[in-house]
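Now for the letters of each chain:
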Amino acid sequence: MIENPSIKSILYGGDYNPEQWPETIWHEDMRLLSLANINVVTLNVFSWASLQEDETTYHFEKLDRIMEIVKKNGLSVCLATSTAVHPAWMARKYPEVLRTEFNGMKRKFGSRHNSCPNSPIYRKYSVELARRLAERYKDYDNIIAWHISNEFGGECYCENCENAFREWLKNRYHTIDEVNRAWNTAFWGHTFYTFEDIVSPNLLSEHFDYDRTTYQPISLDYRRFMSDSLLTCYQEEAKAIRTITPNIPITTNLMGFYKLLDYHKWAKSMDFISWDNYPAYDNSPSSTAMAHDLMRGLKQGKPFALMEQTPSVTNWHPYNALKRPGQMRLLSYQAVAHGADTIMFFQMRRSIGACEKYHGAVIDHAGHENTRVFREVASLGQELRFLGDTLLGSRIQAKAAIIFDWDNWWSVDFSAGPSCLLKYYDIILHYYTAFHTQHIPVDIISVEDELCKYDVVIAPLLYMTKAGSDDKIRTFVKNGGTFMTTFFSGYVNENDLVITGGYPGRLRDILGIWVEEEDALIEGEENSFTYEGITYPARIICDLLHSEGAEILCSYEKDFYSGMPVITCNHFGKGLGYYMGTISDLSLTKTLLRKLCKEKQILPIINGPEHLEVSIRENVNGKFLFLLNHNSKEISISLPYHATELLSKQTYQVNDALILSGYAIKILKLL
Amino acid sequence: MIENPSIKSILYGGDYNPEQWPETIWHEDMRLLSLANINVVTLNVFSWASLQEDETTYHFEKLDRIMEIVKKNGLSVCLATSTAVHPAWMARKYPEVLRTEFNGMKRKFGSRHNSCPNSPIYRKYSVELARRLAERYKDYDNIIAWHISNEFGGECYCENCENAFREWLKNRYHTIDEVNRAWNTAFWGHTFYTFEDIVSPNLLSEHFDYDRTTYQPISLDYRRFMSDSLLTCYQEEAKAIRTITPNIPITTNLMGFYKLLDYHKWAKSMDFISWDNYPAYDNSPSSTAMAHDLMRGLKQGKPFALMEQTPSVTNWHPYNALKRPGQMRLLSYQAVAHGADTIMFFQMRRSIGACEKYHGAVIDHAGHENTRVFREVASLGQELRFLGDTLLGSRIQAKAAIIFDWDNWWSVDFSAGPSCLLKYYDIILHYYTAFHTQHIPVDIISVEDELCKYDVVIAPLLYMTKAGSDDKIRTFVKNGGTFMTTFFSGYVNENDLVITGGYPGRLRDILGIWVEEEDALIEGEENSFTYEGITYPARIICDLLHSEGAEILCSYEKDFYSGMPVITCNHFGKGLGYYMGTISDLSLTKTLLRKLCKEKQILPIINGPEHLEVSIRENVNGKFLFLLNHNSKEISISLPYHATELLSKQTYQVNDALILSGYAIKILKLL
Amino acid sequence: MIENPSIKSILYGGDYNPEQWPETIWHEDMRLLSLANINVVTLNVFSWASLQEDETTYHFEKLDRIMEIVKKNGLSVCLATSTAVHPAWMARKYPEVLRTEFNGMKRKFGSRHNSCPNSPIYRKYSVELARRLAERYKDYDNIIAWHISNEFGGECYCENCENAFREWLKNRYHTIDEVNRAWNTAFWGHTFYTFEDIVSPNLLSEHFDYDRTTYQPISLDYRRFMSDSLLTCYQEEAKAIRTITPNIPITTNLMGFYKLLDYHKWAKSMDFISWDNYPAYDNSPSSTAMAHDLMRGLKQGKPFALMEQTPSVTNWHPYNALKRPGQMRLLSYQAVAHGADTIMFFQMRRSIGACEKYHGAVIDHAGHENTRVFREVASLGQELRFLGDTLLGSRIQAKAAIIFDWDNWWSVDFSAGPSCLLKYYDIILHYYTAFHTQHIPVDIISVEDELCKYDVVIAPLLYMTKAGSDDKIRTFVKNGGTFMTTFFSGYVNENDLVITGGYPGRLRDILGIWVEEEDALIEGEENSFTYEGITYPARIICDLLHSEGAEILCSYEKDFYSGMPVITCNHFGKGLGYYMGTISDLSLTKTLLRKLCKEKQILPIINGPEHLEVSIRENVNGKFLFLLNHNSKEISISLPYHATELLSKQTYQVNDALILSGYAIKILKLL
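Residues numbered from 1 in each chain as written. Chains lettered and ligands numbered in written order. Predicted model: local features only at pLDDT ≥ 70, side-chain atom pairs only at ≥ 80, totals over all residues. Heavy atoms only, no water.

**Details of the interface of chain C and chain A**
Quite often, the size of an interface is put as the accessible area lost when its parts meet.
Then comes step 1: Taken residue by residue, the interface counts 59 residues in chain C and 51 residues in chain A.
Then comes step 2: Roughly 4500 Å² of surface becomes buried between chain C and chain A when both sides are summed, with 58% attributable to carbon and sulfur atoms.
Then comes step 3: In terms of surface lost to chain A, no three residues of chain C exceed C:Trp188, C:Tyr193 and C:Leu204, which account for 17% of the buried area on that side.
Then comes step 4: If you look at where chain C meets chain A, you find 6 salt bridges. (Contact = heavy atoms within 4.5 Å. Buried area = accessible area lost by both parts, 1.4 Å probe. Salt bridge = Lys/Arg side-chain N within 4 Å of Asp/Glu carboxyl O.)

**A few points about the domain arrangement of chain A**
Then comes step 1: Annotation of chain A at the domain level lists domain 1 (159-220), domain 2 (400-599) and domain 3 (612-670).
Then comes step 2: Computed from C-alpha atoms alone, the centre-to-centre distance between domain 1 of chain A and domain 3 of chain A is 54 Å. (Domains from an automatic or database assignment.)

**Examining the pairing of strand β14 (residues 456-459) of chain A**
When a strand is regular, its side chains alternate between the sheet's two faces.
Residue and element names in this part refer to chain A.
Then comes step 1: Covered by surrounding structure in β14 are Val456 and Ile458 together with Val457 and Ala459, the residues of both alternating faces.
Then comes step 2: Sheet topology places strand β12 (residues 400-403) next to β14; 3 bridges connect them, and they run parallel. In the strand pairing of β14, Ile402 is matched with Ile458.
Then comes step 3: Sheet topology note: the β14/strand β15 (residues 482-486) ladder contains 4 bridges and is parallel. Across the sheet, Ile458 pairs through a bridge with Met484, a residue of β15.
Then comes step 4: Handedness of the β-α-β unit built from β14, helix α15 (residues 469-478) and β15 comes out right-handed. (Buried < 20%, exposed > 50% of the residue type's maximum accessible area, 1.4 Å probe, protein only. Helix = DSSP H or I, 4+ residues; strand = E, 2+ residues; numbered from the N terminus. Pairing = 2+ DSSP bridges. Right-handed = clockwise from strand over helix to strand, strands pointing away.)

**Describing the interface of chain C and chain B**
Then comes step 1: Every contact between the two is made by 51 residues of chain C and, on the other side, 59 residues of chain B.
Then comes step 2: Buried surface at the junction of chain C and chain B, both sides included, amounts to about 4500 Å², of which 58% is carbon and sulfur.
Then comes step 3: Together, C:Lys108, C:Tyr319 and C:Tyr358 form the three largest contributors to the area buried by chain C at its contact with chain B, with a combined 16%.
Then comes step 4: Between B:Asp559 and C:Arg324 there is a salt bridge, with its nearest N and O atoms 2.7 Å apart.
Then comes step 5: Our enumeration of links across chain C and chain B arrives at 25 residue pairs in polar contact (both at pLDDT 80 or more).
Then comes step 6: The set of elements that each furnish at least two residues to the side of chain C that touches chain B consists of α2 (48-51), α4 (88-93) and α12 (372-387) of chain C.
Then comes step 7: Sorting elements by how many residues they give to the side of chain C that touches chain B places α4(C) first, with 3 residues.
Then comes step 8: Along the lines of polarity and charge, the residues of the side of chain C that touches chain B split into 21 nonpolar, 16 polar and 14 charged. (Polar contact = N/O pair within 3.5 Å; in protein donor to acceptor, adjacent residues only side chain to side chain. Nonpolar A, V, L, I, M, F, W, Y, C, P; charged D, E, K, R; others polar.)

**Overview of the pattern of salt bridges**
Where side chains of opposite charge bring their charged atoms close, a pairing between them can arise.
Then comes step 1: Applying the stated criterion across every chain, the model contains 145 salt bridges over all chains.
Then comes step 2: A salt bridge links B:Lys595 to B:Glu599; the nearest nitrogen and oxygen atoms lie 3.0 Å apart. Highlighted residues: B:Lys595 and B:Glu599, both in helix α17 (residues 586-599), separated by 4 residues, approximately one helical turn.
Then comes step 3: According to the relative accessible area criterion, B:Lys595 is partly exposed, its value standing at 25%.
Then comes step 4: Residue B:Glu599 is classed as partly exposed on the basis of its relative accessible area, which comes to 32%.
Then comes step 5: One salt bridge in this structure joins C:Arg329 and C:Glu383, with 3.1 Å as the shortest N-O distance. With C:Arg329 in helix α11 (residues 327-337) and C:Glu383 in helix α12, this pair connects stretches of sequence that are 54 residues apart.
Then comes step 6: The exposure class of C:Glu383 is buried, given its relative accessible area of 17%.
Then comes step 7: Three or more residues are tied together by salt bridges with common partners; here these are A:Arg172, A:Asp221, A:Arg224, A:Asp405, A:Asp407 and A:Lys466.

**Digging into the environment of A:Glu53**
Then comes step 1: With respect to the element layout, A:Glu53 can be found in the loop between α2 (48-51) and α3 (61-72).
Then comes step 2: Look at A:Glu53 and you get partly exposed, because its relative accessible area is 30%.
Then comes step 3: Taking the C-alpha atoms as reference, A:Glu53 lies 8.0 Å from A:Pro87; in sequence the two are 34 residues apart.
Then comes step 4: In this view, A:Glu53 contacts A:His59, A:Trp89 and C:Tyr193; residues no more than four positions away in its chain are not counted.

So this is what it looks like as C-alpha cells:
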C-alpha cells in the first residue's frame, strides 16, 4: 500500500495513545512494543483539545516528546491530524461547529462525529491544525503516512449545511427549473421557486423514519451532498499537508461497507486505502472477505492497509466474544489474502476510562506481556518479519466481478415499495457469498470501473442505471462478456426517477426481457421453480416477466404467474445477459454462478469446504496461495498444486494431503 | 352518491395528474383512458405550488388547458382544491403555516399533512384558492363534484393551535371552573386559574407515549379540538365554493377507520361521502366490508363514492403484494355491494418520482395498454357501462346495527388500565366479523343515530355513555329491541369521568347487572365457560359481575370467580339487554349473535362459507343480491332465490346450484 | 417505624384525597373508613394548585376543614407538603420551574415529576409552602409524620441544572485539572479548559441511548448530581419543617429499587423509611421481599412504613390482574415480615378522572362497603388491631448480607461491554432469590455498612471498588468472614476508571485469583462445569481466570478455556474469599450459598417449598416466625418449633403438622 522503498515487510502496529498515560509508562511501552515485534504506530488521533487551547495558542511539546521517543525506538509513524473531535472550548465559543441531529436538535459538546462538516470555523481550524502538524513534523523521516481525522462519518442538518446544500445543488443543477425537473417536484406540489425554498430532508421535512422518505430524489441528493461535504474536509486538510510534505502519502481510515460515504468518490482523493475491520459476533467470513474486496477495489486492486482491528475483543457490540486462540492471526492473514500489506490494531495500550476501555489492546489493563493476547500478537509479528517483503505489492487476478454502488444502495433502501425485506447490502452479500464459498476470486467494482478485464460481471439489484453505465454493460456483453442482474434492476436514473417504457429500462435489450410487474411475498411465503432437476424456493420478490428473445431457464410453479420465467439467458452480441427474477436459496445462486463461470472457463482455485477460504496473490516474487480455515475444526484437502509453504518451508507435491487445524492458515508459493 | 340527473351509470375513473407530464403525453392519455372506459377524473389534487407563485400571483393557464382537453374528451371532473400541500414559498415566508410535531418540534417544508389547521395564513390562502378555482371553473358543466384538500389528517401542536384550543375550550365550557370540574383537575394538582394556564397535551406535557397520557380528559378534548380544527378548514373552503357553485356537491376523501377525525361530525358538512380504500396485505374481507359500512353509515345509508383504490398494488405497506387477477374487480364490486355508486382509482398514470412511484396505476411505467392491469381496468369499465344505472341509488336494509363512536375509540385507547391488549377497533371488528361471516347485514351507526329502525343493536365496549345515549338505548329496549354490550361499558361520561355508583353506570338497569371488578389476564392466560354445551375460553378481561335480575347464560369455570356470570340476558320492558363479560373466540360470538338475531327473526341472507360475501341492495329497479368470493378457490352454493344475474343474464331457479370461481362475483336481481 | 409512644398498633390507612370530592361525601367517607378499621390517612399530596393561587395568595380553608373532620373522627395524619406538582400558574409565569427532557426538549406544564430540582423559583416556593403548612398545623397532635413531596424521581437537563452540575463538580473536584484526571478526558479529546466547557450528558452530547453513553465518568457523575439535587429539595423542605415541629418525624415515600436515586444517601436525611410497593404481574415474591429488605437496610434494620400499596389492582401496568382473595393480606403481612410497622394504601376513595381512576381503592366507584375489596381491607384492619403493639419495633437478625450499591448499578448498566445481557439488578435478584427461596434471612446492605455483624457477605458483580471498601472486605475476611463476589468485579474506581494491574483489582489478594479475560456468550450459547457431581451451564460471561492461591472448586468443560477455574475459594486470614466466574442456573447458586452458609452455621429457618416465605422478627415481646404461602395451593410442613399462632391463638408442638391454605399466613410466637 504505502509505496515507500524503505518498507521491507508487512507493516505491523496500531494506534498508540501515550497522551492518556504518565510519561513514566512510555518507556515500558517501548519495551513491550518491541517485544511484540511492532514496527509502526498511529499517533495523535484524538489530541486536538490538548494541542490547541484557544484560537491562537498551541501546545505541541508533549507530541514532540512522543515523536522523539517513538523515533528513538525505531518505530515508523502514521501521523493523525487529530481533527475528529474539536476541542470543548470551540464548541462553547462557536456552537456552529456542532452538528444538528436528523431530528432537528442542535447538539452540544460530546461524543465524536460531532463536527459540522460545513462549519467555516471547523474548516478553518482543522485545516490550520493539519498545516501546523505538517510544518512541525515534516522532517521526521519515520512518518510513513498521514492519517486525516478518524473514521469520517455521520451527518449534519444545521443551517450551515442547509445553505451549503443549496450551493451544492446550484453547482449540480444550475437552475431551480432543472432541480424541479430532476426531482419531479410536480408530485405532491413540491415545486420550488427559488433555491431558498429548499430545506434539508430530515424528520422535520420529508422523512418519517431514518430510511423512509416521502421524497427520494431530495433525500438521495442530500446523502450525496453530505458525503461530499465530509470529503471536502478531508481534501482541504490533505491539500494543506501535501503542500508541505508532498512525498508522504495521505489516507484516512474507512469502514468497509459504511453506508453514508460514497467511498468510490473518496478513493480518488486518497493516496492509498486504509480501513478498520471490526466484524460482529454474527458476521460470516464471507462478509469480512467482501469488505476487504470492496476496499481493494476502491483503488482498482492496489494493496491496502488494515488500519484497525482488535487484537482480542471489541466492546461496543451487543455480545463481545473473545477472538479464539489463532483467530486474530487468521483474520490478519485474511486481510493479507485479500490485498492488505499492513496489519494494524486498535490499540497498543488499553485505556482506563470512557467508552472503549473494554476494547482489546496489545497491552492489557494488567500492564504486562504475560497474557494470551500479547503472546499471540508478538508471535504474529515474528511471522510477519520472517515473511519480509515476499508478498508486498502482490495483486489478485479475478476474472469475475460484482458491481457495487453507493447511490444504488441509498436508492434501494430509500425505496417506498415493493417490500420492506429488500435490502441492497443483503443481496450483494448473498451473491458474493456464492462466489466466496466456492473459492472463485471476485472483485468488487464500481459502476465506473472498466468491465473489459472481466469475463463475468454480476450486478445484483442494479436498481439505478446511471448515464453511460448501460452502454458500458452493452459493450461488455457484445464483446463476449457474461453479465447477470436481478429483479428490481434498471428501474431509475441517477435521481431515482423511473425510466419509462418498461422495466428493466435501458438494460432491456441486453437481457431480452420485459418485467411487467413484481409481486411481493410476505415473510414465510414462497413460490417455487425447478432448475437442473432441483426445486428451489422463490421469496420476497417475484418478477412477472416476459421473454423478448431470452432463453427461459426455469419458470414459476405456483400462483397466477405459474409458467412465467424466473431465470433467463439472452444471447446478445458475442455474450450472454442473465437475469434472475427472484430471491432463492444460496445453493441455487451457487449453482447458477458456477455455471456462468464454467462457461467462461473460470474455475474454483481449489475444492474444499465452505469455511476454507482461498485466494491467490501474485507479484514479481511469484504466485501465493492463501488457505485459511475459519472453523475451529481441522480441514484436510488434496492440494492440486506443487508448492512450498512460506512459514513452515514445507513443500507439497500435486495431490498431497494438506491439513489445516482449527483457525490455521497456510501461504503456499506455487512452484 | 352524487345526485346528478346526468349521471346514468356507476362513475368510473380516478386521480389524474397531467401536470406531472409533458403535454404531448396528455393526448396519449386521452386515448388510453377512453380505451379503459374511464368517464371521470379527479384533477388538481396537488398543484397549489404551481397555481400560486406568491401572495398575489396565480397561474391557472395549465389547469385551463387540462380542463379543456378533459372536457373535449367527454370526461367528467372531480375538481380538487389543491390545498393539501401549501407551496414552499409560503412555508419559507410564513413558518406559522407549518405544523409542530407531537414531540414539540417545529416542522419545515416537506411531505404532506404539514399545514397547521389553525394558521390564519393557511386559512386565508387556502380559502382564497378554493374561491378562485370555483370562480374560474364554475361554468364547466362536467364538474360533478368538488374535492376539498386531500385525505385530511394528522395533528399540530403549535402555539396557534394552543391558543385556538383555549378558545375552543371557552366555547365549550365557558368558565375555567367548569373546565376544572369537567377535567377533574383536583387530581394531581392540575387546577387551572385561567385559560392561559392550559397547554396542549403532548410529549412535553401530559403524554409519555402517543396513546398514553396522564390526563385523559385533556387529551380527549384535544383530539376533539383537532378534528374540529381540520373540519373548519374543510368548512371554510366549502363555504367559499358553495357561494359560487351552489349546485355542485362538495366532498373530501375520507379514510375509513381513520382514528384522528370524528367523521360522524364531518359527515354533516359533506354533501356526500367519499373515501380511499387501501387494505393491507393482512386485512380480512370483513375489515374492508366494515369500513365500507362505516362510510355508508356516516350519511345514514346514502350511497357513497369509492374515491381511491389501487388498480394493482400499493407501495407503502411493508409487503406490497399484487392484487391477483380478478381481485381488483372483486374489491370494486365489494364497494358497490356495500353502497358505493362510484369506483375510482389512484391513479391514472404512474408517476416517475418520489414516494408513490411504485403505487399501481391504470397506465403503468411501460406506458401502453398491453398490461394485465390495464386490461382488467378496461374490462371492469365495460361491465360498469353495461350495468348502466340499474344499481344507482339503491340502499341496504339492515335490521342489525353496531354502534361505533370516535370519542369512545379515543377514550378506550387512552385508558390507563385495565389491559394493554384492550383496543376498541379490534373488538368492533370482532363483532362485525361475527355478523359478516354469517351473511347477516349490519349497519355501523353512531351514538346519535336512531335505533328504532333496528331490531338488534350491538354496542361492544361502549365505555363512554354520552348524555342521552343511555335513554335512547333504554327506550329502544323498552319498546322491544335487543341490545347487547360488553365488559368495560358504561364506565364514563363525555369527559372520561367515571359515573359512580357501580358499573356499567347508566346502563345498569337495562342490563340488570352490577360489575364489581374486572380481572386482566396476561397474554396466553385463559379462564373458561360453557355455552350451549361447548366450552369457550375467556381472555384479556374477565368481569366479576353480579346479576341484579338478569338471567345468567353461562359462568366462569376457573379461578376465584368461578361460578360468577359471564353472559347475561335481562328482560327490560318488551326487550332484552344482553351483556358479555369477557372476550372469547369468534365462534362463540357468532353463536351468540346468531341467537340474538334469530330471536328477532333476522336470518342470514344465504348459507355459505365465511369467505363468501353477501349483500342486498334495493332501489326502484328491484332487489340485487351480491355474491363475492374472496378466496382463490371455487365456491358452490344452492341458491335460495329465483333470480337473474345482471352481467351474464343467466337465470337461476330456487335451489339451483350456483358456482363462483376464485375471486368471482355475481349480482343477482331477485325475481 | 414512627417512634411515637401514642402508637399502640400497626398503623393502617393510606392516601385520602377529599379535595377531589364534594364535602357531602366526606362524612360518608368517615363512616366507611371507620368501618374499614382505618386509623391513619395521608393528606394533601397533590394540592399545591388549590393551596396557592399566585406568588402571595394562599387558601388553606379547605385543608383546615379536612384536618378538622379527620381529627374529629380520630384519625392520625401523615401530612404531605404537596410539592410534587407545582401549580399551573407557576409554570406559565416561570418556565424555569419546568424540566428539560433527556432529549433536550423543554417541557410544559403537565403530568408530574416535572419540577426542575435546581430551579430557584421552585425551591423558594416549595420550601415556603412546607413552612406555612408546618406553621399552620403544628398544633395538631394527630400528625404522626410529615410526608415531603411524593415519589421523588426523574431527571432534568435544563440550563439551571447544567450550571448547578458545574458547581457540584467544583465542590467535588475543586479544579478542572482534577476533573480531567477523574474523567480520563484525554480519551477522545475531551480535555476541558474551564468548568464552563462542561455540558450535561444526554442525547445531545454523550449519550446515544438512555443507558448508553460514550463517556461513563460524566454520565455517572450526572446521575449522582441529579440524585443529590432532588435530595436537596427534600432536605430544604425538611429543614423548614423541623424548625417548627422538631418532634414530628419526616419522611418521603421511596420506591424500592428505583434506579435514579441513591437511597443510601437519602436515608441519612430521613427520620424513617417509607416506601410504595407495586409489584407487577410478573414479579416474583422474592423480588418484592428483596425490595422490602433493601428498604429495611437503608436505616440498618429499623422498621419502616409501607406507605402505599394497592388494596386490589394497579392500573398502569401492561396487565392489571386483581389481587386474589387473601393476596392483599398476604402482601401486607409480607411487608410486616420484612420489617414494616405500618400498612398503608393508595388510596381511600377511587378517583373519577385522569390516569389513576382505575387504580384500586378501599372505597370503590360503587361508593359503598359491599365489595370484596372493602371487606378484605376491613378484615385486615381488625386483625391488625387485634395484634396491637406485639410486633412493633421488632427486628430481623440476619447473619448473611448482600451488598447493593447505586453507583455500581449505574456503572454496570452504563458499561460499554462485555455483554448487553449483563444487568446488575438481575444478578442481585438472582443471588437474593437463592437465599430467599432457601429460607435463609439476608440483609441488603450498602458498601458503607459495617460487615462485622455478618458471617457471610455476598457482593455480586461488585464492579466498582470504592476507596476503602476493599479494606473493609479485607478486614472482614481476615477476621474470619466468608466473602463472595463474581465476574466483572473490582474493575473500576469511583469514577469508572479501571484499576490497572489485573482484575479484580484491589480484591485480587482477598480472592487469590487473576482474571485475565472474560468471554461473552451470545443468548442461547453455553459452556459448562461440574460441581458436586452435577453439570451446570455457564452463560453470558465466562471469566478466564487463574488461581493465585485459591482452591479451584470447578472448571470449564468446553472451548479453548476448558480446564480454567469457574468457582474458586481462597483462604485469606481466618476467612474465605469465594469467586464465581460466570452466570449459571439458580440451582447452582442455591447449592453454593447453602454450602457457604453451612460452613458458618447459618441454617434455613425452616424447610419448605420455595413459595413458602419465612422470616423471624424479634423484640422485647419475643421471637415471631412469619410463614407466608405465595401460592394458591395449600402447603403442609412439619414445624420444628414450639409456638403459638398470634391470630388464631392455636399452639403447635415441635414437629406438629402445620397447614397453610392458598395465600394464607401465620405468625407464630416461638415458645
